[in-house]
Amino acid sequence: EQLRLIRGILARVNPDHVDINTAVRPVPGGRTLKVSDAFLVEAHSILGDRSTVIAGFKRKDGKSWGDFKADDDRVHASLRRRPQTLLDLSASLGSHPDSVLKVITRLSDAGRIEPQVRGRDTFWLAVRDDE
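Cut-offs and rules
- Within every chain, residues take consecutive numbers counted from 1 along the sequence as written.
- Reporting in this predicted model follows two pLDDT cut-offs: at least 70 for local features of residues, and 80 or more for side-chain atom pairs to be given and counted; totals over whole chains, interfaces and linings ignore these cut-offs and use all residues.
- Only hydrogens and water are set aside when side-chain values are computed; all heavy atoms of the structure are taken into account.
- Going along the chain from the N terminus, every DSSP run of H or I of four or more residues is numbered as a helix, and every run of E of two or more is numbered as a strand.
- The criterion used for residue contact is that any of the two residues' heavy atoms lie within 4.5 Å.
- Here the Shrake-Rupley method, with its probe set to 1.4 Å, supplies the accessible areas, and only the displayed protein chains count as covering residues.
- pLDDT measures the predictor's confidence residue by residue and takes values from 0 up to 100.
- Interaxial angles span 0 to 180 degrees and are taken between N-to-C directions of axes, which are lines fitted to C-alpha atoms, for helices over the stretch in contact.
- In this scheme, a crossing is called left-handed if the near helix is turned counterclockwise away from the far one by less than a right angle; it is called right-handed if the turn is clockwise.
- Gly falls in the polar group here, along with every residue not listed as nonpolar (Ala, Val, Leu, Ile, Met, Phe, Trp, Tyr, Cys, Pro) or charged (Asp, Glu, Lys, Arg).
- To sort the angles, those under 35 degrees are grouped as roughly parallel, those over 145 as roughly antiparallel, those from 65 to 115 as roughly perpendicular, and the leftovers as oblique.
- The salt bridge criterion pairs a side-chain nitrogen of Lys or Arg with a carboxyl oxygen of Asp or Glu, the two atoms within 4 Å.
- By nonpolar core is meant a set of buried Ala, Val, Leu, Ile, Met, Phe, Trp, Tyr and Cys residues that side-chain atoms within 4.5 Å join together.
- Buried means the residue's accessible area, taken with a 1.4 Å probe over protein chains only, is under 20% of the maximum for its type, while exposed means over 50%, and partly exposed covers the values in between.
- Whether a set of points on the 1 Å grid over the protein atoms alone is a cavity depends on a 1.4 Å probe fitting there but being unable to get out, while an open set qualifies as a pocket with protein on both sides within 12 Å along at least five of seven lines; lining residues are those with an atom within 4 Å of a point.
- Grid points are joined across faces, edges and corners, and a volume is the space filled by probe spheres set on the points.

Trainee: Kindly report on the overall build of the protein, identifying the contributing residues and their values.
Mentor: Helices and strands together make up the secondary structure of the protein, namely 5 helices and 4 strands. Considering only residue pairs separated by 6 or more positions, the protein has 59% of its internal contacts joining residues 24 or more positions apart. Accessible surface, the protein: about 8,300 Å² in total, of which carbon and sulfur atoms supply 49%.

The structure is reproduced here in structure tokens:
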């Protein structure tokens, strides 16, 4: 509901670009305010094409991301084999998480994949094979 209100404000302000981010460390008091990958995808979907998720994704092994561009077919095929997190997909496809997140958003909007939250992780599952 709040994102839809923000979308209305953005329509009036008409910015060139909107960055979407989340907390990555606990705040004073020990609470963690980090939102799930699924929420970041939903926020991007609601706020539109001028928005970009800039959350600080990093590879666990410290290596840089490959130059392979994620596409709908590669991501969906990978998720048909097994549920994966955004970082799992990025590592297995050799694509930057931002690139994979854009594909996840499209596939989720089309109803071809869906999120499943398990503990603190969001796993993506293929639910439809058409297209």
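Trainee: Kindly report on the confidence of the model for the protein, identifying the contributing residues and their values.
Mentor: In this model, the protein carries a mean pLDDT of 81, and residues with pLDDT of at least 70 account for 80%. At the level of individual helices and strands, the protein shows its lowest average pLDDT in strand β2 (residues 51-53), which scores 79, and its highest in helix α1 (residues 2-13), which scores 93.

Trainee: Tell me about the packing of α1 against helix α2 (residues 37-47), and please be specific about residues and values.
Mentor: At a closest axis distance of 9 Å, the pairing of α1 and α2 adopts a crossing angle of 35 degrees. The crossing of α1 and α2 is right-handed. Every residue of α2 that contacts α1 at Leu3, Arg4, Ile6, Arg7 and Leu10 is listed here: Phe39, Ala43, Ile46 and Leu47. In terms of residue class, the contact of α1 with α2 is made up of 7 nonpolar, no polar and 2 charged.

Trainee: Tell me about the packing of helix α3 (residues 72-81) against helix α5 (residues 97-109), and please be specific about residues and values.
Mentor: Put simply, α3 and α5 touch, their axes get as near as 9 Å, and they point 75 degrees apart. Judged on the interaxial angle alone, α5 and α3 are roughly perpendicular. Contacts between α3 and α5 involve Asp72, Val75 and His76 on the former and, on the latter, Val103, Arg106 and Leu107. Of the residues assigned to the contact of α3 with α5, the class counts are 3 nonpolar, 1 polar and 2 charged.

Trainee: Before we move on, can you summarise the environment of valine 127 with the specific residues and values?
Mentor: Here valine 127 shows up in the segment after β4 (121-126). Separated by 47 residues in the primary sequence, valine 127 and arginine 80 have C-alpha atoms spaced 8.1 Å apart. In this structure, valine 127 is in contact with Gly111, Arg112, Ile113 and Glu114, ignoring residues within four places of it in sequence.

Trainee: How would you summarise the pattern of salt bridges if you had to cite specific residues and measurements?
Mentor: One pass over the structure, following the stated rule, counts 1 salt bridge. Aspartate 72 is the salt-bridge partner of arginine 106, the closest N and O atoms lying 2.6 Å from each other. One end of the pair, arginine 106, is in helix α5; the other, aspartate 72, is in helix α3, with 34 residues separating them in the sequence.

Trainee: I'd like a rundown of the nonpolar core, residues and numbers included.
Mentor: In globular proteins that are soluble, nonpolar side chains generally tend to be buried together. Grouped together as the largest cluster of nonpolar side chains are 23 residues, with contacts concentrated most on Val75, Leu89, Ile104 and Trp124. Residue assignment for this core shows that the elements contributing at least two residues are β1 (18-20), α2, α3, α4 (86-93) and α5. With 6 residues, the single largest contributor to this core is α2. The contact partners of leucine 89, leaving out residues within four places of it in the chain, are Val75, Ser78, Leu79, Gln84, Val100 and Ile104.

Trainee: If you had to explain the layout of surface pockets to someone new, which residues and values would you point to?
Mentor: Taken as a whole, the second largest pocket encloses approximately 200 Å³ of empty space. His44, Asp49, Ser51, Lys102 and Thr105 are the residues nearest the centre of the second largest pocket, which is lined by 13 residues in total. Among the secondary structure elements, those contributing two or more residues to the lining of the second largest pocket are α2, β2 and α5. With 6 residues, the top contributor of residues to the lining of the second largest pocket is α5. Of the residues assigned to the lining of the second largest pocket, the class counts are 2 nonpolar, 6 polar and 5 charged.

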